[in-house]
Amino acid sequence: GSSFVARFTLNGFDERAYFSTAGIWLYTDIDIPTAKTDKIPEKAMGHFTSNFPSHRILNAGYRDAPSGSYYYLEINRGGDRRTLRYDDYGNYLSN
């Protein structure tokens, strides 16, 4: 379906809020620059470095949605591209 996107910067982070054509908020994505991974829970970063030591982070962010919110790391190693998801406490959710 179609949606509208509002792009803005809040507290130094680039954000995108998505809305349905009826104006209902769907979710917001917050970009976390890879140079600021200290903004991601330490437990999440520990999981990443322990389980994917040879992967690199392509993108990092936080998704806030009515159905739940999570941090994500988009990682890659020679074509093995994955998205890892973590709750607000850094507990691993899925990839």
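In what follows, the structure referred to is the one given above.
About the thresholds
- Residues numbered from 1 in each chain as written.
- Predicted model: local features only at pLDDT ≥ 70, side-chain atom pairs only at ≥ 80, totals over all residues.
- Heavy atoms only, no water.
- Helix = DSSP H or I, 4+ residues; strand = E, 2+ residues; numbered from the N terminus.
- Buried < 20%, exposed > 50% of the residue type's maximum accessible area, 1.4 Å probe, protein only.
- Areas by Shrake-Rupley, 256 points an atom, 1.4 Å probe, with all protein chains shown as cover.
- Lys, Arg positive; Asp, Glu negative; His and termini not counted.
- Charge placed at Lys NZ, Arg CZ, Asp CG, Glu CD.
- Core = buried A, V, L, I, M, F, W, Y, C linked by side-chain atoms within 4.5 Å.
- Phe/Tyr/Trp six-rings, centres within 6.5 Å; stacked < 30°, edge-to-face > 60°.
- Lys NZ or Arg CZ within 6 Å of the ring centre and 35° of its normal.
- Pairing = 2+ DSSP bridges.
- Axes fitted to C-alpha atoms, helices over the stretch in contact; angles between N-to-C directions.
- Contact = heavy atoms within 4.5 Å.

(A) Quick peek at the overall build of the protein. On a plain count of helices and strands, the protein comes out with 1 helix and 7 strands. Start at the N end of the protein and walk to the C end: the helices and strands fall as β-β-β-α-β-β-β-β. With the C-alpha coordinates aligned to their principal axes, the bounding extent of the protein is approximately 45 × 30 × 20 Å. Per-residue burial for the protein yields a buried fraction of 34% across its 95 residues. If you sum the accessible surface of the protein, you get close to 5900 Å²; carbon and sulfur atoms cover 48% of it. Taken together, the 11 basic and 11 acidic charged side chains of the protein have centroids lying 6 Å from each other.

(B) Representation of the nonpolar core within the structure. Counting residues in each nonpolar core, the largest one holds 16 residues, and the members touching the most others are I40, F48, I57, L73, I75, L84 and Y86. Of all the secondary structure elements, the ones that give two or more residues to this core are helix 1 (42-51), strand 4 (56-64), strand 5 (70-77) and strand 6 (80-86).

(C) How the structure looks around the packing of aromatic side chains. Applying the stated criterion across every chain, the model contains 4 aromatic pairs. Taking the ring centre of Y27 as reference, the NZ or CZ of R63 above it sits at 4.0 Å.

(D) Spatial organisation of the pairing of strand 4. In this sheet, strand 4 lies alongside strand 3 (residues 25-31) in antiparallel orientation, the contact comprising 4 bridges. Bridging from a neighbouring strand, D31 pairs with G61 of strand 4. By the bridge criterion, 7 bridges tie strand 4 to strand 5 in an arrangement that is antiparallel. Paired with A60 across the two strands is L73, which belongs to strand 5.

(E) Examining the pairing of strand 6 more closely. Strand direction decides the pairing type here: strand 5 and strand 6, joined by 7 bridges, are antiparallel. Looking at strand 6, one finds that Y71 is bridged to Y86. Where strand 5 folds back on strand 6, the antiparallel hairpin that results is connected by 2 residues, among which G78 adopts a positive phi of roughly 50°. Across 2 bridges, the pairing between strand 6 and strand 7 (residues 92-94) is antiparallel. Directly across from R85, in strand 7, lies its bridge partner S94.

(F) Region of the structure containing the sheet that holds strand 6. Sheet architecture is open: 7 strands sit in the order 1-2-3-4-5-6-7, paired in antiparallel fashion. Every interior strand has two partners, whereas the edge strands, strand 1 (3-10) and strand 7, have only one. Averaged over all neighbouring strand pairs, the angle between strand axes comes to 25°, with direction disregarded. Running at roughly 155° to strand 6, helix 1 makes contact with strand 4, strand 5, strand 6 and strand 7 of the sheet.

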